[in-house]
Amino acid sequence: MLKAMKYVLVSGGVISGIGKGVIASSLGMILKSCGVRVTSIKIDPYINIDAGTFSPYEHGEVFVLDDGGEVDLDLGNYERFLDITLHRDNNITTGKIYQHVINKERRGDYLGKTVQVVPHITDAIMDWVERVAKIPVDGDNQTPEVCIVELGGTIGDIEGMPFIEAFRQFFHFRIKREDYCLVHVSLVPQPQATGEQKTKPTQASVRELRGLGLSPDLIVCRSTLPIADPVKAKISLFCHVKPQQVFSIHDVSSLFRVPLLLHAQGVSKFLMEKLEINTSSSPFGSRMMMRWKDLSDRHDRLLKEVTIALVGKYTQLEDAYSSVIKSLQHSSLCVSHRLNLRCIEADHLEAAMMKENPSKYHDAWHQLVSANGVLVPGGFGKRGVEGKCLAANWARTNNKPFLGVCLGLQCAVIEYSRNVLGLEDAHSTEFNPKTKNPVVIDMPEHNTGQMGGTMRLGKRKTLFNTESSILRKLYGKQSFVEERHRHRYEVNPTIVSQLEGEGMKFVGRSEDGERMEIMELQGHPYYVGVQYHPEYLSRPMKPSAPYLGLLLASTGKLSTYVTRGFRLSPHLSYSEGNDEELDEEIAQLSIEKSDSVESTS
């Protein structure tokens, strides 16, 4: 047991988006593999209360938690790497802090004092961090021992100044020196003109951080190629850290490699000594890290490829579909195929694009029809809806594996109603409020007068109503599943009997039976739609069942796995299992590797 809560603060310099979230997640995973209980907090300095009203192009995807919190996508990284369940308060924004302080001022909690950034805002930040750090996240109601805090943005941003000042006070006055570690992530560019790795941006970033009262204990240098020793020595000299406190994280084959790369440079030993954590476990002595290393190795030696067409609306920014893409990667790795993802703009499939830009139109259709499987993810707004319906129609009529998520399910229902039920003007009231055949309608509790937090959010229970469901088998033949939701519209219950009469079965429904949660099409290899977002609960070693089904069907393995009563192998699970079962799995893996080598030689 640790004597006091330990904190690891991860800050960033030079530019945003250099991987602070992955670094923070990796540090947490290394600590967890040593037997330490870890939690995470993400600080976003923007004034928004949460990420719920953001456009995906503005800040990437909106990640949804069990309690319905709409948060930054980095919390998805924390949950996936650490296999923990976070809460809405694990995401701190300037808006939340100021709202909290203003509410206290209105109640008279400050006894008539002048409310200022220092001390009231900074005290609120410190109190929030201390409170949230103690909330259990492992599902066993035990208090975490180390809290990884990521400060969004870059050092010097005006929005982040109150948080920097808060942590200066926190580290100097509230906790002891051995109870915190400051990790600074900085870019080391390498201009093509000279080919030389430049340290000046990192020097400037660290100098500004030190000027604000915080000194880094570790400097993590992000670069295209590994940082040379002379460059590390220069950063050490000018940034007032020892050479062994400068770490290099260069571009790698997959994110799975980042924890391994950090450990190879001694970060686990440094953290244990700096935070005075006494444990006999080492990262590579744990079952968790052994399996993570095996996962990384298998990713790098995959030979076969599977192509998935993602028909979306925000395909110009990969972060807009961050969890979706990672879910596909988890599942493709599970079926031993390298993922070839084709992101197709939905409106490029529409007839209007044929007139506007024939080249884009034909290219989009070529990308779609040559894929092994089709995924239509969620989204909001009318743009591209007809293209998504066309993609659903093509997958249905050509027996191509299909997965529709949230809006993807609704588009599949719209397309089926039009082309099978003969309801030509069938539509969603979201896109056509005057349609005579509203097959998708807004939910009664939807508040149309206010944006943010008004949707059906968070973890909800879905009950299976048949044992023959393919998705039920993929979920391990459970009678119900709990998945996270984020939607305002639902399939109209009055149209369900007509749809089911024509073979579109709603095999999973809400607890009250009113909401259609899971759809499967009879007579199709894999045509599935889900109202929830299964990607939020996908893990590298616990792939999401709907996505796994799509990849199994796209690689021609689904029928075989179902016949064998498919279940995840122990080496793909975080659970410890029993040693005999694990040894058997490792032996089987060795045979599969041997067979793979023989087949390629």
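Reading the values: rules and limits
- Residues numbered from 1 in each chain as written.
- Predicted model: local features only at pLDDT ≥ 70, side-chain atom pairs only at ≥ 80, totals over all residues.
- Heavy atoms only, no water.
- Pairing = 2+ DSSP bridges.
- Helix = DSSP H or I, 4+ residues; strand = E, 2+ residues; numbered from the N terminus.
- Contact = heavy atoms within 4.5 Å.
- Axes fitted to C-alpha atoms, helices over the stretch in contact; angles between N-to-C directions.
- Buried < 20%, exposed > 50% of the residue type's maximum accessible area, 1.4 Å probe, protein only.
- Phe/Tyr/Trp six-rings, centres within 6.5 Å; stacked < 30°, edge-to-face > 60°.
- Core = buried A, V, L, I, M, F, W, Y, C linked by side-chain atoms within 4.5 Å.
- Salt bridge = Lys/Arg side-chain N within 4 Å of Asp/Glu carboxyl O.
- Parallel < 35°, antiparallel > 145°, perpendicular 65-115°, else oblique.
- Left-handed = near helix turned anticlockwise from the far one by under 90°.
- Nonpolar A, V, L, I, M, F, W, Y, C, P; charged D, E, K, R; others polar.
- Lys, Arg positive; Asp, Glu negative; His and termini not counted.
- Polar contact = N/O pair within 3.5 Å; in protein donor to acceptor, adjacent residues only side chain to side chain.
- Patch = residues over 30% accessible without salt bridge, like charges linked within 9 Å, V, L, I, M, F, W, Y side chains within 5 Å.
- Areas by Shrake-Rupley, 256 points an atom, 1.4 Å probe, with all protein chains shown as cover.

Engineer: Teacher, can you tell me more about the sheet that holds strand E14 (residues 427–428) here?
Structural biologist: Think of a sheet as strands paired side by side through backbone hydrogen bonds, with each pair either parallel or antiparallel. Across the sheet, three strands lie side by side as E14-E15-E18; this open sheet has mixed pairing. Edge strands, defined here as strands with exactly one partner in the open sheet, are E14 and strand E18 (489–491). For E14 and strand E15 (residues 438–442), the ladder comprises two bridges, and the chain directions are parallel. Of the residues in E15, the one forming a bridge with Ser428 is Val440. Packing of helix H16 (residues 407–419) onto the sheet brings it into contact with E14, E15 and E18, and relative to E15 it is tilted by some 150°.

Engineer: Looking at this structure, how should I read the side chain of Arg486?
Structural biologist: With respect to the element layout, Arg486 can be found in strand E17 (residues 480–487). Taking relative accessible area as the criterion, Arg486 reaches 10% and is therefore assigned buried. Residues contacting Arg486, with those up to four places away along its chain left out, are Gly52, Val62, Val64, Glu70, Phe380, Cys406, Met455, Arg456, Leu457, His533 and Tyr536.

Engineer: Just checking my understanding: could you explain the environment of Cys181 for this structure?
Structural biologist: Along the chain, the position of Cys181 falls in strand E7 (residues 180–187). Distance from Cys181 to Val10, taken between C-alpha atoms, is 8.6 Å for residues 171 residues apart in sequence.

Engineer: I keep staring at the packing of aromatic side chains and nothing clicks. Help me out?
Structural biologist: Here the distance between the centres and the angle between the planes together describe a pair of aromatic rings. The tally for this structure, following the rule as stated, stands at twelve aromatic pairs. Where Phe167 meets Phe171, the ring centres are 5.7 Å apart and the plane angle is 50°; that geometry is what we call tilted. In this pair, Phe167 and Phe171 are both assigned in helix H6 (residues 161–174), four residues apart and thus about one turn of the helix distant. The exposure class of Phe167 is buried, given its relative accessible area of 3%. Between Tyr314 and Tyr321 the ring centres are 6.0 Å apart and the planes differ by 35°, which places this aromatic pair in the tilted class. Residue class for Tyr314 comes out buried when judged on its relative accessible area of 10%. Within the aromatic cluster, the residues linked to one another by ring pairs are Tyr7, Phe167, Phe170, Phe171 and Tyr180.

Engineer: What am I meant to see in unusual backbone geometry here?
Structural biologist: Working note: non-glycine residues mostly have negative phi, and peptide bonds are mostly trans. Of note, the bond from Val118 into Pro119 is cis; its omega dihedral lies within 30 degrees of zero at 15°. The phi dihedral of Val14 falls on the positive side, at around 75°, and the residue is not glycine. Looking at the element boundaries, Val14 is found in the loop between strand E1 (6–13) and helix H1 (20–33). Exposure remark for Val14: the relative accessible area of 38% places this residue in the partly exposed category. Unusually for a residue other than glycine, Ser336 sits at a positive phi of about 60°. Note on placement: Ser336 falls in the loop between helix H12 (322–334) and strand E11 (338–345). We classify Ser336 as partly exposed; its relative accessible area is 36%.

Engineer: Honestly, the sheet that holds strand E5 (residues 91–93) in this entry has me stumped. Any pointers?
Structural biologist: Strand order in the open sheet formed by seven strands is E5-E2-E6-E1-E7-E8-E9, with parallel pairing between adjacent strands. The two strands at the open ends of the sheet, each matched to only one other strand, are E5 and strand E9 (246–250). Adjacent strand axes in the sheet meet at a mean angle of 20° when their direction is disregarded. Inspection of the sheet shows E1 paired to strand E6 (residues 146–151) by five bridges, in the parallel sense. Its bridge partner being in E6, Val8 is matched across the sheet by Ile148. Sheet contacts for helix H7 (residues 200–211): E1, E7 and strand E8 (218–223); angle to E7, the most-contacted strand, approximately 145°. Packing against the sheet, helix H10 (residues 267–274) makes contact with E7, E8 and E9, and its axis sits at approximately 145° to E7.

Engineer: Where do I start with the pairing of E6 in this structure?
Structural biologist: The side chains of a regular strand alternate between the sheet's two faces. With respect to burial, E6 is a largely interior element, six of its six residues being buried. Residues of E6 alternate between two faces, with Val146, Ile148 and Glu150 on one and Cys147, Val149 and Leu151 on the opposite face, all of them buried.

Engineer: What's the story with the nonpolar core in this structure? I'm lost.
Structural biologist: Inside soluble globular proteins, nonpolar side chains tend to come together where they are buried. In terms of nonpolar packing, the biggest core is built from 52 residues, with Val8, Leu27 and Leu31 touching the most fellow members. With seven residues, H1 is the largest single contributor of residues to this core. Counting 44 residues, the second-largest nonpolar core is a separate cluster that includes Ala309, Ala395, Leu409 and Val440.

Engineer: So what exactly am I meant to see when it comes to the pattern of salt bridges here?
Structural biologist: Here the idea is simple: oppositely charged side chains can pair when their charged atoms come close. Enumeration according to the criterion identifies 36 salt bridges in this entry. Two residues, Lys6 and Asp179, come together in a salt bridge whose shortest N-O distance is 2.6 Å. Linking Lys6 in strand E1 with Asp179 in the loop between H6 and E7, this pair joins segments that are 173 residues apart in sequence. Accessibility classification places Lys6 together with Asp179 in one group, the buried group. Connected via shared salt-bridge partners are Asp66, Glu79, Asp83, Lys459, Arg484, Arg539 and Lys542.

Engineer: How should the environment of Asn393 be read in this particular structure?
Structural biologist: Here Asn393 lies in helix H15 (residues 385–397). In the structure, Asn393 is positioned 139 residues away from Ser254 in sequence and 34 Å away in space, judged by C-alpha atoms.

Engineer: Sorry if this is basic, but what is going on with the packing of H7 against helix H8 (residues 229–239) here?
Structural biologist: Pairs of packed helices are described in terms of their axes, by the angle between the two and the distance that separates them. Their axes nearest at 10 Å, the elements H7 and H8 cross at an angle of 25°. It follows that H7 is roughly parallel to H8 by the angle criterion. The handedness of the crossing between H7 and H8 is right-handed. Where H7 approaches H8, its residues Thr202, Gln203 and Val206 are matched on the opposing element by Lys234, Ile235, Phe238 and Cys239. The class makeup of the residues in the contact of H7 with H8 is four nonpolar, two polar and one charged.

Engineer: Would you mind going over the side chain of Asp50 with me for this structure?
Structural biologist: Mapping Asp50 onto the fold places it in the loop between strand E2 (38–44) and helix H2 (56–59). Buried charge without a partner: Asp50 forms no salt bridge, and the closest opposite charge is Arg88, 5.5 Å away. Only 2.9 Å separates the side chain of Asp50 from the backbone nitrogen of Gly52, close enough to count as a polar contact.

Engineer: Help me understand a nonpolar patch on the surface, please; the structure alone is not making it clear to me.
Structural biologist: The grouping of Tyr98, Ile102, Val117 and Val118 at the surface amounts to a nonpolar patch, some 310 Å² of accessible area in total. Here Val117 lies in helix H5 (residues 117–133).

Engineer: What is the right way to look at the environment of Leu82 in this model?
Structural biologist: If you trace the backbone, Leu82 turns up in helix H3 (residues 74–82). In the structure, Leu82 is positioned 471 residues away from Ala553 in sequence and 29 Å away in space, judged by C-alpha atoms. Apart from residues no more than four positions distant in its own chain, Leu82 is found in contact with Ser25, Gly28, Met29, Lys32, Val38 and Ser40.

Don't take any of this as a statement about function, it's just geometry.
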